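Chain and residue survey
As a plain string of letters, each chain reads:
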Amino acid sequence: MKQLELKRRDFLKATAVTGIGAALGSSIAGLASAQPTKTAETSTIKIVKTNCRSCTADCGVLAHVRDGRVIKLEGNPEFERSRGALCAKGLSGIQALYHPSRNKYPMKRVGARGENKWMRVSWDQALNEIAAKLMEIREKYGAEAVLGSTGGGGNPNFLSCCRFSDVFGSPNWFEPGCAQCYMPRQMVYQMMYGGGPTGNPSLADSNCLELYFYDEIKVKTVVLWATDPSYSGPAQAGRAINELRARGVQTIVIDPRFTPDAAKAEIWLPIRPGTDVALMLAWIRYILDKKLYDADFVMKWTNLPFLVNAKTKMLLRASDLKAGGDANTFVVWDKKTQSAQPLAYPWDDSLEPVLDGAFTVGGVECKTGFRLLKEKTEPFTLAKAAEICWLDADMIEKAIKLYGENTPSSICLGVATDQNANSTQAAMGTATLDMLMGNVEKPGTIMQRYEEGDIGNLRSTMLKKFLSEEQLNKRLGGIEHKGLLRWWAAQPTYILEAMTTGKPYRLRAWIERSGNKLGTVANASAWIEGMKQLELIVQMFVYPTSFSAYADYLLPANEWLETDFMVSSYNRMFARQAVTHLWETMNETWFWARLAKKCAELGHENCKKAFDPKETAPELPYYDTYEEQMDGWSAYFGMTWAEYKAKMPFEFNSMERWRRFYVYKETDPKTGKPKGFGTQSKKCEIYAESMIILGRTGKPWTTFILPPASKDYEPLPHYVEPPEGPNTEGIAAKYPLVMTNGRLPIWHHTTLRNIPYLREIFPVAEIWINPVDASASGVSPGDWVWVESPRGKIRAKARVTQGMARGVVYMERFWNPETVDTETHGWQEMNVNVLSKNSAPFNDVCGTYTLRGYQVRVSKADGPPAGVWLKPEDFKPWLPQPSDPTKLVEL
Amino acid sequence: MGNEWALVFFTAFVGLGSGTFVAVGVSEWWEEDAQVRLRGGILALIALAAGGFSSVLHLGHPERIFGALGHPTSGIFMEALMIGLTGLCAVAYLIALRRGASGQVRKRIAVIGAVPAILLAFAVGDTYVMASRPAWDTLLLPMVYLISAALLGCLSLGVLMARQQKAEAVVALKWTTLGVLALQGVVVIAYLVAVAVAPYPNATRSVIRVLTGNLAPLFWGGVVLVGLLVPSSLTIAKRAAAPLPVAAATFALVCAFVGAASFRLLMFNLGTSVWHFF
Amino acid sequence: MNTSPPIRIGRLGKDVEAKSEYPALVANRENLYRFLARLYKVEVDQALLERMMGMSFPEDCGEEELASGYRMLGAYLRCPGQDPLTDLAVDYAKVFLGAGGAKNGFAAFPYESVYTSPERLIMQEARDQVVAAYRSEGLDKVEALDVPEDHVALELEFMACLCGETRAALARGDRGAVLVSLANQKDFLTRHLLNWVPAFCADIPKCADTDFYKAVAKLTSGYLRLEQAIIEEQIDDSAAHPDGV
Amino acid sequence: MAHKTLVIDLDRCLGCFSCEVACKMENGVALGVYFNKVLTIGPTGTFPDVEMYFLPTVCQECADAPCVKVCPTGASYKTEDGIVLINKDICIGCRYCMMACPYGARSFNNDAKVVEKCTLCVHLQAIGEQPACVKNCCGKARLFGDIDDPASDVSKALKAAGSDAVHSLPDVGNHPSVRYILHRKTATWQQSQPENTGRESQNG
């Protein structure tokens, strides 16, 4: 070694830099005298109870923390919904937290968009500049030119983006889920049943909690319709269904993919994507026809005996019979008197209402709701459904009988039906079925009203009243698709249209908080043009994604292990607790409050008011610090956040109060009558007249009466053939296969694709295809294939499997973080949403576009796309030759 | 199993070394000149050393090898012991040559040395006989190894004797070589039969894969053509009493070595476990 | 690489020099450590840039890589281009922060854990060890700084602190303390900095666009190599010449 | 004598890979290396009459472990609890044990140059905890305990399942101890090595 020949004089010379002392000047010290308490902490392990947020299920976690470092995660057995189970996504929390590629500081773009040149700026500078731009846009073009969006995996607080939009005055925010995920089911069940937060059929959204009380085994048959709990929620719903099956509960799975739940089910109906409503109508028809329904419940607790004006489609009211009659009392046909009679709530023993009939009342043709339902379902024989849905009629019948005879039974409805134009109708279909069967508020059934109080509202509220009538009317797609009012959101394709064409007005700025929007919006390529028109694009997320390449500011978000939040399980409160913090990352939910504060400082009146509890009441205000916010929220329980964390888990309601059956039969102290259901008629509204009212006015979700949609929404479920299906002329010949999607258990939405331990399980996007279709397409197992739709072309690897319905192919959403800094930005290679259909027709009620059930073709490709990683070993660029692990320092 | 090159060369070189040593010993009875024996002895030693070196390359921690001394029952202990004993005998033989020891003494050393040499040639194959790998679970496998060592010994003696004019010796060697070649052919076929009828049949270790599948080039080209047919035709190319030219004899030896290596590669490729998880 | 052969100067009369040069060398080392720590800690600001322009480097110093780093840095500072602060900030963000997924997530992440943990994560064993090392010297990361403790800037600063201790001990004439402090330096240098910084510095030019950070990389790895020699020499020296200090 | 091992209820296994990731996190297993790997068996049959189950594969903790027998240094050994372990300090990395394992359950650590495999998280057992895969299993499909003790959870589970539903991997004289519960109602146990398991590097 040459330098060994150097000696002290050379050393002195080599280290003598003139002026170095001055250069050091005022540089900040990184090390300072340690506090003795800290030194004492060294190497003791603290186990912190917290809750995961790798998806939205909030499973209980025990985080092992040593000296500020998370060294291990495992399930918390105390948390009822997961009972110590923790899935692959949750277990990846450490790799996600400590991933060196995370966004660390606010970054401002330098150079052209997409050039990927960034400069660190302070939070203050970033927020000031963004707020100033927003205020300028608001001044020049109106607040509606500012678009907000959220969504993505593990969305920490759904409505924080919406709240900001309300406060800022823009009606335009969206998330790629919403009408495509959960909202249709949540909305429809609320309208028809009114069971509140625990009363809808979405297993993956931590509902259907009654099924978690498996030790009591009250339910006998569970239908998993369009849902795959083993994959979408292994530690919670997947686990609970497992326990039910172990106790002899029978299951029916309706899914074109042979999921783990399908494999364990009594009956698997591999349905053609997009045709679920046709099957539901056939189930209803069969149940009506064979009189399998609960006649007493239907008569007394649904609105099917009520008379409907055949022309207006509105229910007859006492006030329609004679002036001065009660507008909230509905009318039946009394068999005894052969006349229309008001039926006093809840029931009038003197009347003998006819369930099924058509009558003339005061010269007006009327039918019972029951009759209308029958007429609606009449064409849907088993044979017809078998033909439409590509199923076997006998199997359909077997399934209906199991569901209809082995009772109590319940239908869990998953996201698949939310992803096509039949979204709301499908939810109406399953709600109708369970109501006909009387599977409501019985022990074991999924429609329950557990007493949650206001705990849900604590954590996420809109500030609807801050949005003016004028602005509400400007919501993109909001008038035509009033179901979106449920989440107070705009419709994505209308947004895209406004972005690209400036019609009806031009959007100017987009504040986006989520992972990879280009992986989640339909027809992703179409968005690029629109995004070029925007003056400002901000992305807030945990690590860079494809979307980052198009942004002007990148804001660093916390991983869930760095955040505080309230979590509930059953009748108890838990807490997500920050166990560490890195760099200048910020809580994603808090970012919106900070932005509102900056706008307030720049003179935005509503933003100022939003910090004043008197102005926001009954909703909670924005707070100045996150600590104040958590203290403000915990005040509901009469404690500070510190006390809350120390006490949790604690009950917010006793189990006896929280979980009660037959709530509708309880006496309402105010009226002395049974409480009934949370609908206008207090009955289960199978005939959903409220749909018509929604379409005409926006009620019950709107703050101002809105102009009617171009067409009335229908009060009964109806089937619409997929707009781009195997029967669509001009399409089917060229694109013969139907595409569907669905979860894999290791990912939530577009997250965690940069976690080596997960990517090695599924390194690339796969397309699952039946051997018959594979050979027709010239595809062999393991081949790389092109997958094309009228909108684009991607590649995937073929998994040829008997577990796919013939004529149907399946892909999971995928993108490639390893090619973010290339021309494709990682979203163009294998992203199934390059193919999906974002164009009309939409679901009439809430504007759902088509993420599943559109046409594609498959052909052999030469190989994988350039630059993507294929094998576990390929991840080495993220794990390049580490030197020897640092040996333990002996002190 | 992938292509375990270190083990391929380990076993092939060990086969060459032990085969050559035994063949040189046999040549004592054919009264060959001292040059042949000296070179033969040295070649055997070099081959054994090369084999030993290859085996060390295969180890993750060769520096811990002495741990194996405490476990005399393992196959690796047996192999190491036999390499050591064969090597010792080869050294003793060379010393005897050098010191001009009598033919009697040399023959005695050769006979004693043949025992560990033959055991070694067998043992390097026998270590692979295990129930976990159905395609290896037959004694025919070490038989192939043993006979391949004999073949390599014959052919390396052929190279050493290339300038030898003594007709009886040439004839004897040629007939022996042809006999060993034939035997090798028979044992290889028998091995394939054993593979075909082995339990837990699986595509990865099927005879079809060998005969017509992706291992066919290795089998037909490496084992059969290069390993058996080329040496055979070279051996019978000249009349019985005429020795092969050095080049041809060397070529035959190289071919047989390639054939031996090919068979080992074939074996590793067929050596999938009963159920392979990972 | 443009290098000149090392200058070989024979050992001069140790006793004469030792007393004056020893503290000077320790001071130089402390300064260099602090200087490098500053460069890694945050981006270059106007004040620092101006002061650096006033610095002169021993460009002909005997340690090839260090010398080449000095020369490269000097060259950059003589001709830094139109908007050096922005260029340097962009480069810093790309090289050390991996901003915007530049280079498809590959960056020279300045954390020992990333280079020493098999999963290439931050906050692994190495971080715990340096925390322990800092605390054994009564030091801790300041609250305001939001990076893991095994950030290169902090490890370099820690060495500077240890040099500071040596300097203080020298001033006190406490030879025992000098030896302990040198031993600590050697320990930390070999167990930590030299275990990963060379690889880290090798990654920097793969991501960096500016000669500035390429020079900083050379400077760092060259200097650390020199440090090994310096510390060893000082320990030998102190041991061999009990009165040398 | 005790024989601690795993009993895995395939009627309950959801195929969620949680055990696999829990294992990798707990034991820091390298990319492309697995101590525990979940294979998809099937779907077998012809659409729509198909069956499928998941097979979490793991060291079978054989009673007569061939890997222990062939180890030249005694690095592979068996504990008093019947668990097969590797002493990495004396392993010479000859990989003979890998050949001797009928299931390929062992792997070579390219960094440490030694052979490794599932340890049933002995370090967790030592502090009275269950292996990581058992603790975090979403389907509650994994049980760990002493199969020789009739009162243990594993023994009870096997008894409850009935002998027709209890399966093990092929035994070539090694006597694997891990037991899989699979009722005919879920799927038919596949006797031979499955071809397509949804995992690329398998059969490699």
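Quick caveat, the model's predicted, so the values are computed rather than measured.

The next subject is the environment of Asp289(A). Residue and element names in this part refer to chain A. Positionally, Asp289 belongs in helix H12 (residues 276–289). In this structure Asp289 comes out as partly exposed when scored by relative accessible area, which is 49%. A C-alpha to C-alpha distance of 53 Å links Asp289 and Ile755, two positions 466 residues apart in sequence.

Our focus in this paragraph is helix H21 (residues 492–501) of chain A. All names here are of chain A. Turning to H21, its buried residues are Pro492, Thr493, Ile495, Leu496, Ala498 and Met499. In this fold, the buried residues of H21 make contact with strand E7 (146–149), strand E8 (173–174), strand E18 (509–513) and helix H23 (525–532). Its side-chain oxygen placed 2.7 Å from the backbone nitrogen of Thr493, Gln491 serves as the N-cap of H21. Remark: Gly502 follows H21 within two positions and exhibits a positive phi of approximately 75°.

This brings us to the packing of aromatic side chains. Enumeration over the complete set of coordinates arrives at 73 aromatic pairs over all chains. Grouped by ring-pair contacts, the aromatic residues Tyr40(C), Tyr76(C), Tyr92(C), Phe96(C), Tyr115(C), Trp196(C), Phe200(C), Phe212(C) and Tyr213(C) constitute a single cluster. Of note, Arg120(A) hangs over the ring of Tyr105(A), and the distance from its end group to the ring centre comes to 4.0 Å. Stacked on the ring of Tyr34(D), the Lys or Arg Lys24(D) has its end atom at 4.5 Å from the ring centre.

On to a negative patch on the surface. On the surface, a cluster of negative charge is made up of Glu627(A), Glu628(A), Asp631(A) and Glu643(A). Here Glu628(A) lies in helix H27 (residues 626–634).

So, on to the pattern of salt bridges. Residues and elements named next belong to chain A. One pass over the structure, following the stated rule, counts 84 salt bridges over all chains. For the salt bridge of Lys376 with Glu714, the shortest nitrogen-to-oxygen distance reads 2.7 Å. Of this pair, Lys376 sits in helix H15 (residues 369–377) while Glu714 sits in the loop between helix H30 (689–697) and strand E24 (737–740); the two residues are 338 residues apart in sequence, bridging distant segments of the chain. Residue classification places Lys376 among the partly exposed positions, given a relative accessible area of 28%.

Residue and element names in this part refer to chain D. The strand order across the open sheet built from 4 strands is E8-E1-E10-E9, with neighbouring strands paired in mixed fashion. Edge positions in the sheet fall to strand E8 (142–146) and strand E9 (166–167), since each has one partner strand and no second. Across 5 bridges, the pairing between strand E1 (residues 4–9) and E8 is antiparallel. Paired with Val7 across the two strands is Leu143, which belongs to E8.

Before going further, it helps to spend a moment on the domain arrangement of chain A. Interface size is commonly expressed as the accessible surface area that is lost when the partners come together. All names here are of chain A. Segmenting chain A into domains produces domain 1 (107–176 + 459–571 + 584–644) and domain 2 (737–875). If you average the C-alpha positions of domain 1 and of domain 2, the two centres end up 29 Å apart. On the domain 2 side, the residues contacting the 33 residues of domain 1 number 30 residues. Interface area, domain 1 with domain 2, both sides summed: about 2400 Å², of which 54% is carbon and sulfur.

This brings us to the interface of chain A and chain C. Each partner contributes to the interface: chain A provides 82 residues, whereas chain C provides 101 residues. Together, the buried faces of chain A and chain C total about 8100 Å²; carbon and sulfur atoms form 58% of this surface. One can count 6 salt bridges joining chain A with chain C. Across the salt bridge formed by Arg66(A) and Glu125(C), the nearest N and O atoms sit 3.8 Å from each other. Connecting chain A to chain C are 22 residue pairs in polar contact (both at pLDDT 80 or more). Among the secondary structure elements, those contributing two or more residues to the side of chain A that touches chain C are helix H1 (8–14), helix H2 (20–24), strand E1 (31–33), helix H3 (36–41), helix H5 (93–97) and strand E6 (118–120) of chain A. The element contributing the most residues to the side of chain A that touches chain C is H1(A), with 7 residues. Within the side of chain A that touches chain C, the residues separate by chemical class into 41 nonpolar, 20 polar and 21 charged. In this structure, E1(A) lies alongside strand E1 (residues 139–141) of chain C, joined through 3 bridges in antiparallel fashion.

Parameters at a glance
Residues numbered from 1 in each chain as written. Chains lettered and ligands numbered in written order. Predicted model: local features only at pLDDT ≥ 70, side-chain atom pairs only at ≥ 80, totals over all residues. Heavy atoms only, no water. Helix = DSSP H or I, 4+ residues; strand = E, 2+ residues; numbered from the N terminus. Buried < 20%, exposed > 50% of the residue type's maximum accessible area, 1.4 Å probe, protein only. Contact = heavy atoms within 4.5 Å. Polar contact = N/O pair within 3.5 Å; in protein donor to acceptor, adjacent residues only side chain to side chain. Phe/Tyr/Trp six-rings, centres within 6.5 Å; stacked < 30°, edge-to-face > 60°. Lys NZ or Arg CZ within 6 Å of the ring centre and 35° of its normal. Patch = residues over 30% accessible without salt bridge, like charges linked within 9 Å, V, L, I, M, F, W, Y side chains within 5 Å. Areas by Shrake-Rupley, 256 points an atom, 1.4 Å probe, with all protein chains shown as cover. Salt bridge = Lys/Arg side-chain N within 4 Å of Asp/Glu carboxyl O. Lys, Arg positive; Asp, Glu negative; His and termini not counted. Charge placed at Lys NZ, Arg CZ, Asp CG, Glu CD. Pairing = 2+ DSSP bridges. Domains from an automatic or database assignment. Buried area = accessible area lost by both parts, 1.4 Å probe. Nonpolar A, V, L, I, M, F, W, Y, C, P; charged D, E, K, R; others polar.

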